[in-house]
Amino acid sequence: MDDTPDAPRHTTATLLWIRRWSPRLLSFRISRERGFRFVPGQFARLGLFKENGAPVWRAYSMTSATWDEHLEFYSIVVPDGAFTSRLEKLGVGDEIMIEGAANGFFTTNRFADGRDLWMLGTGTGLAPYLAILQDESTWLRFERLIVVHCARVTEDLAYQDEIAALRDHPLWAEHGHKLIYQPVATRETVPGALHARIPELVRDGSLEATVGLPFSLADSRFMICGSPDMVRDTHKALMDRGFRLSRLAAPAQIAVENAW
Ligand SMILES: Cc1cc2nc3c(=O)[nH]c(=O)nc-3n(C[C@H](O)[C@H](O)[C@H](O)COP(=O)(O)OP(=O)(O)OC[C@H]3O[C@@H](n4cnc5c(N)ncnc54)[C@H](O)[C@@H]3O)c2cc1C
Ligand SMILES: NC(=O)c1ccc[n+]([C@@H]2O[C@H](COP(=O)([O-])OP(=O)(O)OC[C@H]3O[C@@H](n4cnc5c(N)ncnc54)[C@H](OP(=O)(O)O)[C@@H]3O)[C@@H](O)[C@H]2O)c1
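S.K.: Before we move on, can you summarise the site of ligand 2 with the specific residues and values?
M.R.: Within the structure, ligand 2 sits among 13 residues, and Arg24, Arg152, Thr186, Arg187 and Arg197 are positioned closest to it. Here Thr186 contributes a side-chain N or O atom positioned 2.6 Å from an oxygen atom of ligand 2. Arg187 is positioned such that a nitrogen or oxygen atom in its side chain is 2.6 Å from an oxygen atom of ligand 2. Contributing elements (two or more residues each) for the shell around ligand 2: β8 (144-151) and α7 (228-239). Element by element, the count of residues in the shell around ligand 2 is highest for α7, at 3 residues. A per-class count over the shell around ligand 2 returns 5 nonpolar, 2 polar and 6 charged.

S.K.: Account for the domain arrangement of the chain, with residues named and values stated.
M.R.: In terms of domains, the chain is made up of domain 1 (10-99) and domain 2 (108-258). For domain 1 versus domain 2, the distance between C-alpha centres works out to 24 Å. Contacts between domain 1 and domain 2 engage 22 residues on the former and 18 residues on the latter. Across the domain 1 to domain 2 interface the summed buried area is about 1600 Å²; carbon plus sulfur atoms make up 59%. Inspection of the region where domain 1 meets domain 2 yields 2 salt bridges. Taking the shortest distance from any N to any O, the salt bridge between Asp156 and Arg24 comes out at 3.0 Å. Elements with a contribution of two residues or more to the side of domain 1 that touches domain 2: β1 (10-22), β2 (25-31) and β5 (70-76). Among the elements that take part in the side of domain 1 that touches domain 2, β5 stands out by supplying 5 residues, more than any other.

Cut-offs applied
Residues numbered from 1 in each chain as written. Chains lettered and ligands numbered in written order. Predicted model: local features only at pLDDT ≥ 70, side-chain atom pairs only at ≥ 80, totals over all residues. Heavy atoms only, no water. Near = heavy atom within 4 Å. Polar contact = N/O pair within 3.5 Å; in protein donor to acceptor, adjacent residues only side chain to side chain. Helix = DSSP H or I, 4+ residues; strand = E, 2+ residues; numbered from the N terminus. Nonpolar A, V, L, I, M, F, W, Y, C, P; charged D, E, K, R; others polar. Domains from an automatic or database assignment. Contact = heavy atoms within 4.5 Å. Buried area = accessible area lost by both parts, 1.4 Å probe. Salt bridge = Lys/Arg side-chain N within 4 Å of Asp/Glu carboxyl O.

Next up, the structure:
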């Protein structure tokens, strides 16, 4: 949460497009200033005004490509949430504030090496991976790109068609075979989807077995994004297997981002 009373430097963007996946999940696009740059995996701070005129700022991972003219985001709707209860009432043409610079270190340059990029996400924790998967260097650098998206029910597994279409993107079509998408639904049994929380799937080996790719210190690199509890438990499950948090000064295998 970020309730800073005001942002140091911000501009006002226009809401260009809204897609409602379900009553509690939506995507939206806003206009982008030419000077707004980001690295895939980073987030922006978006601001809306409350009825009393005070701004409320929240962090949002970009889901769009670095070259898109707009910025796209994937959002939960929290019924009484200070930001999202207002966001969900907006329409195309309305205004949203955005801080002048992108933030964050949840980027693939956290890893010095590696062969298999495991992108583990729950709920809207998928968001940063959508930008990372629209970055040509991701496709060139890794041999396997494994997206593991975990939600309560399949209705919440958004962006499946968009992820599948990335395989045929002209910039990296010859590498399209590298992408593996593994859905997980914890409160529904669905053919093709795993049916347990990610930390458990890591601990009991069923994620590796289902994807057909064993974890190894030399080859596997993990990005973890989701609720703070999910990030903590997944991180712990991987640490118990010998993997370590990657830092710029000491590159290793794991990068984490709490989705709130
Ligand atoms: C680095 C970073 C990146 C983020 N990226 C995104 C993003 O891409 N998409 C997005 O929807 N949110 C993202 N968030 C969360 C976002 O900043 C807000 O918390 C969220 O939009 C809800 O705002 P709110 O004011 O309505 O509710 P808040 O008062 O912020 O949150 C109320 C409660 O709702 C729950 N909650 C908050 N966010 C989520 C979520 N994303 N999924 C499930 N439950 C949640 C938590 O229990 C929280 O305590 C990110 C947060 C951080 C720190
Ligand atoms: N109004 C509605 O209809 C409705 C419906 C769903 C959710 N909500 C609310 O919306 C908010 C967000 O829900 P969400 O489903 O997007 O996010 P979420 O509760 O974080 O769940 C997303 C996925 O993460 C899993 N998960 C939760 N905690 C975990 C942990 N500690 N470790 C590993 N995995 C974990 C969940 O598994 P589990 O299924 O095992 O929890 C689920 O598969 C919640 O506050 C919820 O109450 C409302």
